[in-house]
Amino acid sequence: MAETWAISGVDLHLDLTGTRVRAALESALRDAVSGGRLRPDVRLPSSRALAADLGIARNTVADAYSQLVAEGWLTAVQGSGTRVARRPDATGRAARPQAGAAGPRRFDLGPGSPDVSAFPRSAWLTATRRALGSASFRALDYGDPRGLPQLRVALADYVSRARGVQASPDRVVVCSGFTQGFRLLCEVLGARGARKLAIERYIQPATTQAAVACGLRLATVDIDDEGAAVDRLGTADAALLTPAHQFPIGAPLVARRRMIAIEWARASGGLIIEDDYDGEFRYDRHPLGALQALAPHNIVYAGTASKTLAPGLRLGWLVLPTDLVDDVVAAKALADRNTSAIDQLTLAEFIVSGAYDRHIRRSRLVYRRRRDRLTAALGRHAPRVRISGIAAGLHALVELPGGIPEEDVVARAGERGLYLQGLGDYAHGAHIHPPALVVGYAKPPEHAFTGAVARLAAVLREVT
């Protein structure tokens, strides 16, 4: 007979066949462990609870557990119950958590994420309680695909005030992060007849994959110290740009090129998609305003909470030209109807209460100090590397001297338990920039940051 139980927070499915119930239970548990369905350290139900659920004698379950403990499949510790044991691998060594080929990843300086351990849990919980306490029950029903009005009003005010965006709530669409928003735009552009999207040569691979999946051809524009070479947008129907802080090179789009991009959009009818992924984090000069403010009818502004709060929230927003709103809303309705209402209510409260601004200011100070610690450490231990792109953002570009291969440095770091990424990982087409590392100094929790930087400095000292 097939039995399913849900005891002690564990859902399992066992096939107990035959007349020998104890043997069948032992065999089913053994198969579940050896096949990987029951993972190491999973706590099993008590013998009393499992016996009651399966309708068999408690002693039968206890005897089966004891036999499997004796065989090494399970462990039993007073006060901790019965758990799945850590089994040795084929070489007889104790199994370890999965890691990269170069060794276990103890330290992570990969770019793209903030320090999620610093997520403002208490303030977020407070905002959630306030938001739910004052929200209408209708807010928890299927809602407007554009997003809840409370959040759209709050976002329009925030991006206007903090980023200089020309925004109104009716042109804001809330989405599940930048990735979904960008995918919706690509779908709409393709349906309108667009065929070519201009992208920066160095870009997140997932972004290009989303565009290609929507049937768009990609045209690459190069990057230098003045940002994207927007004078080469040519016959593209749309262009995806990171004007405030190019990812991952780190250069801002200078004023002259900003005007060239806007003139291209107005003359050709092309659309600019502005990815303002980390615009709040600028350290050494007055913040650069959003490009969208210069041509709101030709530019989609895309913002996200993934860098300011946490990627796991899956909250992003688009500020659209009026003529795009209906089509994007229709695409959003087909994609997932609407983003989590509770998260939207909470973020709206978080912004309106001022907690969002306070969190960003605190984070900006923390990340600036981390950037300074990183540059000081590399200046002392690896003076031949060149560090750039650090006036803003959450990562630095560390250029390697003498043509040292990125792959060699990444591999050597992996041997020390340090995860790094080379600039070539982000190249679309030819990797024409000098070898470099893209070092994310925001990601490690504070207790691990010093160790991560020390390992990076040691690796660079060895190779340079």
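Heads up: the structure comes first, above all this text.
Residues numbered from 1 in each chain as written. Predicted model: local features only at pLDDT ≥ 70, side-chain atom pairs only at ≥ 80, totals over all residues. Heavy atoms only, no water.

Trainee: Explain the overall build of the chain to me, using residue names and the numbers behind them.
Mentor: Scanning the chain for helices and strands turns up 13 helices and 19 strands. Here the C-alpha coordinates of the chain stretch approximately 80 × 60 × 40 Å along the principal axes. In the chain, 73% of the contacts between residues at least 6 apart in sequence involve partners at least 24 apart. Surface exposure of the chain reaches about 21,200 Å², of which carbon and sulfur atoms provide 51%. (Helix = DSSP H or I, 4+ residues; strand = E, 2+ residues; numbered from the N terminus. Contact = heavy atoms within 4.5 Å. Areas by Shrake-Rupley, 256 points an atom, 1.4 Å probe, with all protein chains shown as cover.)

Trainee: Explain the sheet that holds strand β15 (residues 386-388) residue by residue, including any values.
Mentor: Sheet architecture is open: four strands sit in the order β15-β16-β19-β18, paired in antiparallel fashion. The open sheet terminates on both sides in strands that have one partner only, identified here as β15 and β18 (421-422). Examined bridge by bridge, β15 and strand β16 (residues 395-399) share three bridges and lie antiparallel to one another. Looking at the pairing, Ile 387 lines up with Val 398 of β16. (Pairing = 2+ DSSP bridges.)

Trainee: How would you explain the pattern of salt bridges if you had to name every residue and give the values?
Mentor: Under the counting rule described, the total for this entry stands at 29 salt bridges. Residue Asp 327 is joined to Arg 192 by a salt bridge in which the shortest nitrogen-to-oxygen separation is 3.0 Å. Remark: Arg 192 occurs in the loop between α6 (177-191) and β7 (196-200) and Asp 327 occurs in helix α9 (residues 322-335); sequence separation between them is 135 residues. Across the salt bridge formed by Asp 222 and Arg 232, the nearest N and O atoms sit 3.7 Å from each other. With Asp 222 in the loop between β8 (217-221) and β9 (223-224) and Arg 232 in the loop between β10 (227-228) and β11 (238-241), the pair connects residues that are 10 residues apart, well separated along the chain. Salt bridges sharing partners connect three or more residues here, namely Arg 22, Glu 26, Arg 30 and Glu 71. (Salt bridge = Lys/Arg side-chain N within 4 Å of Asp/Glu carboxyl O.)

Trainee: Please give an account of the packing of aromatic side chains that cites residues and values.
Mentor: All told, the structure shown has eight aromatic pairs when counted by the stated rule. Put simply, the rings of Phe 119, Trp 124, Tyr 158, Phe 350 and Tyr 356 touch in pairs and so form one group of aromatic residues. (Phe/Tyr/Trp six-rings, centres within 6.5 Å; stacked < 30°, edge-to-face > 60°.)

Trainee: Go over the nonpolar core with me, naming the residues and quoting the values.
Mentor: Formed by 32 residues in total, the largest nonpolar core has its most connected members in Leu 374, Leu 378, Leu 418, Leu 437, Leu 456 and Leu 460. Where this core is concerned, the elements lending two or more residues are α11 (355-381), β16, α12 (406-415), β19 (436-440) and α13 (446-463). (Core = buried A, V, L, I, M, F, W, Y, C linked by side-chain atoms within 4.5 Å. Buried < 20%, exposed > 50% of the residue type's maximum accessible area, 1.4 Å probe, protein only.)

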